[in-house]
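Coordinate analysis (summary)
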Amino acid sequence: FSVAAQDAPAPAAPPAKKVALLAGATGKNGHVVLQALQALPGQLYDVRAMTRDSAAAVSKYGSTANWYEADVLKPETLTKVMAGVDYIIDAKAATGILGNNRPEAVDLEGTKNMIAAAKAAGVKKYVIITSSVSGQKDHFLNKIGRNVLIYKGLAEEALMASGLNYTIIGPAGMTDEPAGQNIK
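In short, a report on the structure. (Residues numbered from 1 in each chain as written. Predicted model: local features only at pLDDT ≥ 70, side-chain atom pairs only at ≥ 80, totals over all residues. Heavy atoms only, no water.)

So, the overall build of the protein chain
The line we're drawing: Under the DSSP-based scheme used, a helix requires at least four consecutive residues in state H or I and a strand at least two consecutive residues in state E, with every element numbered from the N terminus. In this description, contact between two residues means that some pair of their heavy atoms is separated by no more than 4.5 Å. All accessibility values rest on the Shrake-Rupley procedure with a 1.4 Å probe; residue burial counts only the protein chains present in the view.
What the protein chain contains, in helices and strands, is six helices and six strands. Its helices and strands in sequence order give the protein chain the pattern β-α-β-α-β-α-β-α-β-α-α-β, from N to C terminus. In the protein chain, of all internal contacts separated by at least 6 residues, the share reaching a separation of at least 24 is 64%. Accessible area for the protein chain stands at about 11,100 Å²; split by element, carbon and sulfur atoms hold 55% of it.

Some remarks on the sheet that holds strand β2 (residues 45-51)
We count it as follows: By the convention used here, strands pair only if DSSP detects at least 2 bridges between them. To obtain an axis, a line is fitted to C-alpha atoms, over the contacting stretch when the element is a helix, and the angle between two such axes runs from 0 to 180 degrees between their N-to-C directions.
Strand order in the open sheet formed by six strands is β3-β2-β1-β4-β5-β6, with parallel pairing between adjacent strands. The sheet terminates laterally at β3 (66-69) and β6 (166-169), the two strands that pair on one side only. The sheet shows a mean angle of 20 degrees between the axes of neighbouring strands, taken without regard to direction. Two elements, strand β1 (residues 18-23) and strand β4 (residues 87-90), share four bridges in a ladder whose sense is parallel. What sits directly across from L21, in β4, is I88.

Some points on the nonpolar core
Nonpolar side chains tend toward joint burial in soluble globular proteins. Using the following cut-off: Nonpolar cores were defined as sets of buried Ala, Val, Leu, Ile, Met, Phe, Trp, Tyr and Cys residues, with membership established by side-chain atoms within 4.5 Å. Only protein chains enter the accessibility calculation, which uses a 1.4 Å probe. A residue is then buried if its area is under 20% of the maximum for its type, exposed if over 50%, and partly exposed in between.
In this structure, M50, M82, I88, M114 and Y126 are the most contacted members of the largest nonpolar core, which totals 20 residues. Breaking this core down by element, the ones donating at least two residues are β1, α3 (78-82), α4 (103-121) and β5 (125-129). The greatest single-element share of this core, amounting to four residues, is contributed by α4. Within the second largest apolar cluster, 13 residues are counted, among which are V33, L37, I89 and I129.

Focus: the environment of N113
Relative to the assigned elements, N113 resides in helix α4. Among the residues examined, N113 registers a relative accessible area of 19% and is labelled buried. Residues N113 and K74, 39 residues apart in the sequence, show an inter-C-alpha distance of 8.0 Å. Apart from residues lying up to four places away in sequence, N113 is in contact with V72, L73, P75 and L78.

Brief notes about the side chain of T130
Quick reminder of the rule: Contacts described as polar in this section are N or O atom pairs within 3.5 Å, which, within protein, must combine one atom able to donate a hydrogen with one able to accept it, while residues neighboring in sequence count only if both atoms come from side chains.
Within the secondary structure layout, T130 lies in the loop between β5 and α5 (140-144). We classify T130 as buried; its relative accessible area is 9%. Polar side-chain contacts of T130 include one of 2.4 Å to the side chain of E156. Setting aside chain neighbours within four positions, we find T130 in contact with K152, E156, I168, I169, G170 and P171.

Remarks on the environment of I150
As for its placement among the helices and strands, I150 is situated in helix α6 (residues 148-161). As a C-alpha pair, I150 and H139 span eleven residues in sequence and 9.5 Å in three-dimensional space.

Thoughts on the pairing of β1
To keep it simple, the criterion reads: A clockwise course of the path from the first strand over the helix to the second, judged with the strands pointing away from the viewer, identifies a crossover as right-handed.
Burial within β1 is extensive, with five of its six residues counted as buried. Relative to β2, β1 runs parallel, the two being bridged by six bridges. Each residue of the ladder has a partner; that of K18, found in β2, is Y45. For the crossover from β1 across helix α1 (residues 28-39) to β2, the handedness is right-handed.

A word on the packing of aromatic side chains
A ring pair, where both rings are aromatic, is described by two values, the distance of the centres and the angle of the planes. This is how the line gets drawn: For Phe, Tyr and Trp, rings pair up if their centres lie within 6.5 Å, where Trp contributes its six-membered ring, and each pair is then called stacked (planes under 30 degrees apart), edge-to-face (over 60) or tilted (otherwise).
This structure, assessed with the given rule, holds two aromatic pairs. Each ring, one from Y45 and one from Y87, has its centre 6.0 Å from the other, and the planes form 85 degrees; the classification is edge-to-face. You can see Y45 sitting in strand β2 and its partner Y87 sitting in strand β4, a full 42 residues away along the chain.

What follows is the structure, encoded as structure tokens:
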């Protein structure tokens, strides 16, 4: 009479969290998205909050986020921050009309750099927040914002042509009012 025992299989490791990279995490839209991601029950995602200056981000918003430093105008800085990323939420936007913050640099060239880095990293989904009027040529925002809507439209076209799985979110005009206030 013999008895053979089989070792019980080791318990399965919990599944790894999906990694979401939030570009523009310190901006108006980006910070709201960051707060929403952090408020999700169960911490579903490992969120990387991307900023050009992590020290300034920590100073302004605290260290509750996993701040990652990269600059969309410097493609070499995007490789490391995108390693292992499953999803990108691109909430960056030009904040000026001159220098490195102008629309053609941030909204168009920065998006093209992000797309190239996302493709190289094998990102599964790219979500971009642009505008409900992206691409419109005769809009007053182009006159005061150095053709911002044209560059946002071209960025959308670049994403659509990239071969990446994507979603384009084009919100209407937004304010700094608390959520749910003064909806028009």
